[in-house]
Amino acid sequence: MFKSHGCGELRLAHVGTDVKLAGWVHLRRDFGGVIFIVLRDRAGVVQVVVSADVSADARAAAAEVRSEYVIQVEGTVRRRPDDQVNPEWLTGEIEVEARSVQILNTSKTPPFYIYDDGAVDEALRLRYRYLDLRRARMQRNIILRHRAVQFIRQFMNAEGFLEIETPYLFKSTPEGARDYLVPSRVHPGKFYALPQSPQQLKQLLMVAGFERYYQIARCFRDEDLRGDRQPEFTQLDFEMSFVHRDDVLDVVERMFTAMVPEVTPHKRVVSPFPRLSYAEALDRYGSDKPDLRFGLELTDLTEVLSASEFRVFQEAAANRGQIKGIVAPGCAVYTRRELDELTEIAKREGARGLVTLALAPEGPKGPAVKFLTEGEISVIAEKLGATEGDLICIVAAERRVVAAALSALRLTFRDRLGLVDPDLIAFGWVLDFPMFEWNAEAERWDAAHHPFTWPRPHTYEEMIADPAAVLSDAYDLVCNGWEIASGSIRIHDPQVQSDIFRILGYDPADAKAKFGHMMEAFSYGAPPHGGMAPGIDRLLAILADEANIREVIAFPKTSQATDLMADAPAEVPDQLLRDLHIRIDNES
RNA sequence: GGGGGCGUAGUGUAGUGGUUUAACAUGUCGGCCUGUCAAGCCGAAGAUCGCGGGUUCAAAUCCCGUCGCUCCCGCCA
């Protein structure tokens, strides 16, 4: 072994110990006769003192050393004099007096600082990802991820789940995200698809009688990226037989409630997780993934303002729309410019405008004041619980737009007013999703979650009577405003499954080709089952205080889905394409 | 597919009201230095201002195009 200890693990207790260390040169301070080297390895950093008095050879070697050289040091752990303790460091009470310094490898000057987590151009970080990963922030995040995943494995194992792998080369399924395809060499013109999730396979594992399955599964979706979306991402995919909805929720709730204090002790989990119906989430927060760390809930004013003379309100009420508002505490002083920005946010979500009422000391102010009676204004303020100094924001439009606009404003105030404790982890369940969604463009019903979800009323007659009213046993877990997991109790009855396909308008022959294996499997004694799939990347981003899941993935893609380090995707030799029976059409 | 932001020594930034030898910090290289801890002091090198084209007497600066990174909308059952 090159080393007897990790650099960062040395403490006062090691004083007097002879140690062999190996790592990277973090910083170097050369005084001529004495050279300080801050040596770094995975465990952390420690100060090495190389004195000419101790070893002329060691001093000579240390003088050659530069940032990020890989060196080996042999020496003795020594207590630092009281006035030279570095309280910033875990190893700050000691130092290693070097007897020998060996250069194991040199390094070019790195393209950015390793010892500092300061901002560096994203493209440069990704091009030199292996250097970026050396930096404290990424080391911390990747190690945190390891600990979280290990916790999950131990927890799931203890709960009686079996870890089972499923294929990456599988079959494209209709709907959902665009698939990543893999051409078949053996079967010209045919393609595998990388799984968007192991959904079908885990259900088949339930049919197979494993009862409890889990997998830290890579999933692939060929859609445009966002801060919370990468083309490949990782889920804790699990499925359970002979359970009801609450049994599934219970596993996840216990797991995360135990995990957070274990891997991030400075974070506080709100427990038990609040439960909201989908309808309630939209009603109170305007979103199906509400940030539950703060209030600022939406209040419905449709009824109290239905008789208003104000045309904006009249129209909304007349068109079966809604009038809702939120209160921004202390924001009555907002300038014209700030109010315009709020209006822009509302408009971006489809609202035609935003009604603002500033409760200034001299009375209510705002462009709509002249259209409202004093009585109406006081009813609004009372309903919303607004007091002097507050800013009221009202959107009147169709339900969807009202929800989207006020939700966006709510998050804007969250950020501007600093309404959340960054160390709060606020999980919440969103339940009772609708089974179907009307797809106006295609003029048909789509599955709101996926077509394998168990509908509450499950006879064809009950469902077709009013598809919009059919709720399902689908559920989401949200955390700090992110959708963190999604799942459902599945259909295990082939009759119900074919009824769902019928309502979704699948051509029976087509459904058989796409899902025949599922239908057939269900006809061989499929147990009632359900499951869920928490997104590991998103959860880790929240725990690591990162806004982008890139920061918790060792080798992520850019927002254009490229790998700047390896330069992928890339062209391939013609022969490879010929083997795959593929010709490139440069026209399209 | 659409919209916004960014691109200037290795890195992070300033300069963007047209006329500079393109500034500052840090890093790099050399020198001094035996107790520093983002060491200090002295000295040096380092930038065709992302790329291409245009306007002009004159472009880092204005215009057009293009590339890259990023955020958002669409998309993501």
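A quick note: this is a predicted structure, and the numbers were derived from the prediction, not measured.

This part is about the sheet that holds strand E12 (residues 275-277). Here we have 8 strands laid out as an open sheet, ordered E6-E9-E10-E24-E23-E22-E19-E12, and mixed in their pairing. Of all strands in the sheet, those bounded by a partner on one side alone are strand E6 (162-163) and E12. Direction of pairing for E12 relative to strand E19 (residues 427-431): parallel, over a ladder of 3 bridges. The partner of Ser 277 across the bridge, within E19, is Leu 431. This element, helix H5 (residues 199-207), spans strand E9 (212-220), strand E10 (232-241) and strand E24 (529-532) of the sheet and lies at about 25 degrees to E10.

The full count for this structure, using the stated rule, is 49 salt bridges. For Asp 250, the salt bridge goes to Arg 254, with nearest N and O atoms at 3.0 Å. Separated by 4 residues within a single helix, Asp 250 and Arg 254 lie in helix H6 (residues 245-263), roughly one turn from each other. Residue class for Asp 250 comes out partly exposed when judged on its relative accessible area of 36%. Arg 444 is the partner of Asp 446 in a salt bridge, and the nearest nitrogen-oxygen pair spans 2.7 Å. The class of Asp 446 is buried, set by a relative accessible area of 16%. Counted as one network, the salt bridges with shared partners bring together Glu 122, Arg 125, Arg 129, Asp 132, Arg 135, Arg 137, Glu 546, Arg 550 and Glu 551.

As a further point, take the side chain of Asp 476. Inspection of the secondary structure puts Asp 476 in strand E22 (residues 474-479). Here Asp 476 occupies a buried position and makes no salt bridge, while the nearest side chain of opposite charge, Arg 538, is found at 8.3 Å. At 2.8 Å, the side chain of Asp 476 and the side chain of Ser 486 are in polar contact.

On to the domain arrangement of chain A, then. Here the domain parsing of chain A yields domain 1 (7-105), domain 2 (139-275 + 429-552) and domain 3 (294-419). The C-alpha centroid of domain 3 is placed 62 Å from the C-alpha centroid of domain 1.

Picture the strands of a sheet paired through backbone hydrogen bonds; they go either parallel or antiparallel. Strand order in the open sheet formed by 5 strands is E13-E14-E17-E15-E16, with antiparallel pairing between adjacent strands. Edge strands, defined here as strands with exactly one partner in the open sheet, are strand E13 (299-300) and strand E16 (363-365). Relative to strand E14 (residues 322-328), E13 is paired through 2 bridges, and the arrangement is antiparallel. In the strand pairing of E14, Asp 300 is matched with Lys 324.

With that settled, consider the packing of aromatic side chains. Considering all chains together, one arrives at 18 aromatic pairs under this definition. Here Phe 273 and Trp 429 contribute two aromatic rings whose centre-to-centre distance is 6.1 Å and whose plane-to-plane angle is 40 degrees, an arrangement assigned as tilted. Of the two residues, Phe 273 is situated in the loop between strand E11 (268-269) and E12 and Trp 429 in strand E19; the sequence distance between them amounts to 156 residues. Relative accessible area serves as the criterion here: at 3%, Phe 273 is assigned to the buried category. Ring centres of Phe 501 and Tyr 506 lie 5.1 Å apart, and the angle between their planes is 15 degrees; on these two criteria the pair is classed as stacked.

Where strand E3 (residues 44-51) and strand E5 (residues 94-105) come together, 2 bridges link them in parallel fashion. Pairing of Val 48 across the sheet is with Val 96, part of E5. Pairing of strand E4 (residues 70-79) with E5 involves 10 bridges; the strand directions are antiparallel. Counterpart to Arg 79 in the pairing with E5 is Ile 94.

Bringing the nonpolar core into the picture now. Of all hydrophobic cores here, the largest spans 68 residues; its most connected members are Met 156, Phe 238, Phe 427 and Leu 477. When residues in this core are grouped by element, the largest group, 9 residues, is from H6. Look past the residues within four positions of Leu 477 in its chain and what remains in contact with it is Val 252, Phe 256, Phe 273, Phe 427, Gly 428, Trp 429, Trp 482, Glu 483, Ile 484, Ala 485 and Met 532. Ranked by size, the runner-up nonpolar core spans 26 residues in total, among them Ile 326, Ala 346, Ala 358 and Cys 393.

A few words now on the state of the cysteines. Overall, the coordinates contain 0 disulfides when judged by the stated rule. With no disulfide of its own, Cys 393 has Cys 331 as its nearest cysteine by sulfur position, at a separation of 8.0 Å. Given the relative accessible area of 0%, Cys 393 is considered buried.

Moving on: the environment of Gln 495. Looking at where Gln 495 falls in the secondary structure, it is placed in helix H13 (residues 494-503). Sequence separation of Gln 495 and Glu 223 is 272 residues, and the distance between their C-alpha atoms is 33 Å.

Of the consecutive residues Ser 271 and Pro 272, the connecting peptide bond is found in the cis state with omega at -5 degrees. Here Pro 272 shows up in the loop between E11 and E12. Backbone torsion omega between Ala 568 and Pro 569 reads 0 degrees, so that peptide bond is classified as cis. You can see Pro 569 is positioned in the loop between helix H15 (536-543) and helix H16 (574-579). At Arg 320, a residue that is not glycine, the phi angle is positive and equals roughly 60 degrees. Topologically, Arg 320 is positioned in the loop between helix H8 (311-318) and E14. Although it is not a glycine, Asp 432 sits at a positive phi angle of roughly 55 degrees. In this structure, Asp 432 sits in the loop between E19 and strand E20 (436-439).

At a minimum axis separation of 10 Å, H5 and helix H14 (residues 508-522) run at an interaxial angle of 20 degrees. The orientation of H5 relative to H14 falls into the category roughly parallel. H14 is crossed by H5, and the crossing has left-handed handedness. Across the interface between the two elements, Gln 200, Gln 203, Leu 204 and Val 207 of H5 pack against Phe 515, His 517, Met 518, Ala 521 and Phe 522 of H14.

Rules and cut-offs
Residues numbered from 1 in each chain as written. Chains lettered and ligands numbered in written order. Predicted model: local features only at pLDDT ≥ 70, side-chain atom pairs only at ≥ 80, totals over all residues. Heavy atoms only, no water. Pairing = 2+ DSSP bridges. Helix = DSSP H or I, 4+ residues; strand = E, 2+ residues; numbered from the N terminus. Contact = heavy atoms within 4.5 Å. Axes fitted to C-alpha atoms, helices over the stretch in contact; angles between N-to-C directions. Salt bridge = Lys/Arg side-chain N within 4 Å of Asp/Glu carboxyl O. Buried < 20%, exposed > 50% of the residue type's maximum accessible area, 1.4 Å probe, protein only. Lys, Arg positive; Asp, Glu negative; His and termini not counted. Polar contact = N/O pair within 3.5 Å; in protein donor to acceptor, adjacent residues only side chain to side chain. Domains from an automatic or database assignment. Phe/Tyr/Trp six-rings, centres within 6.5 Å; stacked < 30°, edge-to-face > 60°. Core = buried A, V, L, I, M, F, W, Y, C linked by side-chain atoms within 4.5 Å. Disulfide = S-S within 2.5 Å. Parallel < 35°, antiparallel > 145°, perpendicular 65-115°, else oblique. Left-handed = near helix turned anticlockwise from the far one by under 90°.

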